[in-house]
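# Inside the fold
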Amino acid sequence: MTDKRKRKENLITALLIAGMCIVIGGTIIFVVKFSGDKTDEPLLLSAGMTEASGLSVEKTSYSEETPSDTSAQTPVPTDTPVPTPTPVPEPTETPAPTPEPTATPTPKPEKLTTLSGYSAGDVISKDKIDRENLSQYFTSWEIEEGDNLYARINGKSYVSNDDIALSDLRYLKLLHVNFDGNYQVGELVVNKSVAGEVLEIFEILCAEGYQIHSMYLIDNYWAGDGDSSDWYSIDDNNTSAFCYRKATGSGKLSKHALGKAIDINPQQNPYVTYDSDGNPKYSHDNASNYVSGRSSDTAHVITTSDRAYELFTSYGWTWGGSWSSPKDYQHFQKS
């Protein structure tokens, strides 16, 4: 055996004894030797090779060591977390707005076109009055024997006479504003010659809200004669016109007997006489606050600044409050 061969065998033996193995590129190389002398060279087997027939393979024990250098290791990629999808809320259905109920309009009261069916003293709601057509509430009728009007006045305010015929009179039905500020039905009997202007005057007063306490025929207060009935009418603060009688305190026929005189709100506008000392006399206690110190600033007091005074005098009527004595503040008359 040559020295060269011996050196090789010694090297192989040393490697086997040390149990060393060589790892080349991840492949384990085993060093084997022939059991015979078929060849002078050793055979190197890599892992996964089949041992050849007639060969005895000497394997070194193998333990895989964890490499100390971790910096060279390929990091296992960490899975990128899949973001949890934000749930999209289903759209909430917007409820349809509840329609506001349509208010049922309150029917407006039908306007009156006439005072038919109403009697003197009846109060009528303001919303029934057609203020644009007030003239339809101011009407005049003839009085005929046998009708209802004739039955009311015959033998009372009217008697058969030589001064005034029934055909000379007219019955007026009209509207006025009472002391409560409400519309109230009124009535008068006047001479036919002044019927038209009386209706015009009282329509203007009504439109302007001029207040009159009440307006009944004096026959509603009949006490058996004209003077007594007139006293009761005045004491009730009633506005009246026709009554066939003589003038108060005189033997002459009154303008009331001819249907050409009207007394308005007699309580606030009393009939006053004066004695020789200038002391006032009056017959109605309810008039005591309206005898002296009369002023147009006092409600319902007639002065030369009063609207009734302005209207009546513009139609040629005279006012009893202008007389020196007596003072008849309630009284307007037409000559």
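Structural notes, computed from the coordinates. If you're wondering where the values come from, they're calculated on a predicted model, not measured in any experiment.

What follows deals with the pattern of salt bridges. Following the criterion strictly, the structure yields 6 salt bridges and no others. Where Glu187 meets Arg152, a salt bridge forms, and the shortest distance between an N and an O atom there is 2.9 Å. In this pair, Glu187 is assigned in strand E7 (residues 183-191) and Arg152 in helix H2 (residues 148-153), connecting sequence segments 35 residues apart. Judged by its relative accessible area of 3%, Glu187 falls in the buried class. Residue classification places Arg152 among the partly exposed positions, given a relative accessible area of 28%. Among the ionic pairs, Glu310 bridges to Arg307, the shortest N-O distance being 3.2 Å. In this pair, Glu310 and Arg307 are both assigned in helix H5 (residues 307-314), 3 residues apart and thus about one turn of the helix distant. Among the ionic contacts, a cluster of salt bridges with common partners joins Glu208, Arg307 and Glu310.

Okay, H5 next. Considered for burial, the residues of H5 that qualify are Ala308, Tyr309, Leu311 and Phe312. Taking the backbone nitrogen of Ala308 as reference, a side-chain oxygen 2.9 Å away marks Asp306 as the first, capping residue of H5. Positive phi shows up at Gly316, right after H5, with a value of about 90°.

On to the nonpolar core. Residues Phe138, Leu175, Leu188, Phe202, Ile262, Phe312 and Phe332 are the most contacted members of the largest nonpolar core, which totals 40 residues. When contributions to this core are tallied by element, the ones reaching two or more residues are strand E6 (169-177), E7, helix H3 (195-207) and H5. In terms of residues, this core owes the most to one element, H3, which gives 7 residues. Those residues in contact with Phe312 that lie beyond four places of it in its chain are Ile201, Phe202, Ile262, Ile264, Trp317 and Phe332. One finds Leu149, Tyr150, Tyr171 and Val189 within the second-largest nonpolar core, a separate group that totals 12 residues.

So, about the side chain of Asn191. Within the element layout of this structure, Asn191 appears in strand E7. Within the structure, the side chain of Asn191 is placed 2.9 Å from the side chain of Ser193, a separation counted as a polar contact. Those residues in contact with Asn191 that lie beyond four places of it in its chain are Ile164, Asp168, Leu169, Leu258, Gly259 and Lys260.

Glancing now at the packing of aromatic side chains. If you walk through the whole model with that rule in mind, you get 7 aromatic pairs. Ring pairs connect the aromatic residues Phe202, Phe312, Trp317 and Phe332, which therefore count as one cluster. The ring of Tyr329 is capped by Arg294, whose NZ or CZ atom sits 4.0 Å from the centre of that ring.

This next bit is on the layout of surface pockets. If you add up the space inside the largest pocket, you get close to 600 Å³. Around the largest pocket sit 30 residues that line it, and Arg245, Ala247, Thr248, Tyr271 and Asp328 are the ones nearest its centre. Looking at the lining of the largest pocket element by element, the count peaks at 4 residues for helix H4 (residues 226-235). Classifying every residue of the lining of the largest pocket by side-chain character gives 11 nonpolar, 11 polar and 8 charged.

Side-chain positions along a regular strand alternate between the two faces of the sheet. The pairing of strand E9 (residues 271-274) with strand E12 (residues 327-328) spans 2 bridges and is antiparallel. The residue bridging Val272 from the neighbouring strand is Lys327, located in E12. Pairing analysis gives 2 bridges linking E9 to strand E10 (residues 280-281), with the strands arranged antiparallel. Residue Thr273 lies in a different strand from E10, and its bridge partner there is Lys281.

Strand order in the open sheet made by the 3 strands is E8-E13-E11, with antiparallel pairing throughout. Edge positions in the open sheet fall to strand E8 (261-263) and strand E11 (318-319), since each of these has one partner strand only. Examined bridge by bridge, E8 and strand E13 (residues 331-333) share 3 bridges and lie antiparallel to one another. Paired with Asp263 across the strands is His331, a residue of E13.

A word on the sheet that holds E7. Strand order in the open sheet formed by 4 strands is E4-E7-E6-E5, with antiparallel pairing between adjacent strands. With partners counted over all chains shown, the strands left at the sheet margins are strand E4 (123-124) and strand E5 (139-142), one partner each. As paired strands, E5 and E6 are joined by 4 bridges and run antiparallel to one another. Looking at the pairing, Trp141 lines up with Tyr171 of E6. Along the sheet, H3 makes contact with E5, E6 and E7, crossing E6 at roughly 5°.

Rules of the game
Residues numbered from 1 in each chain as written. Predicted model: local features only at pLDDT ≥ 70, side-chain atom pairs only at ≥ 80, totals over all residues. Heavy atoms only, no water. Salt bridge = Lys/Arg side-chain N within 4 Å of Asp/Glu carboxyl O. Helix = DSSP H or I, 4+ residues; strand = E, 2+ residues; numbered from the N terminus. Buried < 20%, exposed > 50% of the residue type's maximum accessible area, 1.4 Å probe, protein only. Polar contact = N/O pair within 3.5 Å; in protein donor to acceptor, adjacent residues only side chain to side chain. Core = buried A, V, L, I, M, F, W, Y, C linked by side-chain atoms within 4.5 Å. Contact = heavy atoms within 4.5 Å. Phe/Tyr/Trp six-rings, centres within 6.5 Å; stacked < 30°, edge-to-face > 60°. Lys NZ or Arg CZ within 6 Å of the ring centre and 35° of its normal. 1 Å grid on protein atoms, 1.4 Å probe; cavity = no way out; pocket = protein on both sides within 12 Å on 5 of 7 lines; lining within 4 Å. Points joined across faces, edges and corners; volume = space filled by probe spheres on them. Nonpolar A, V, L, I, M, F, W, Y, C, P; charged D, E, K, R; others polar. Pairing = 2+ DSSP bridges. Axes fitted to C-alpha atoms, helices over the stretch in contact; angles between N-to-C directions.

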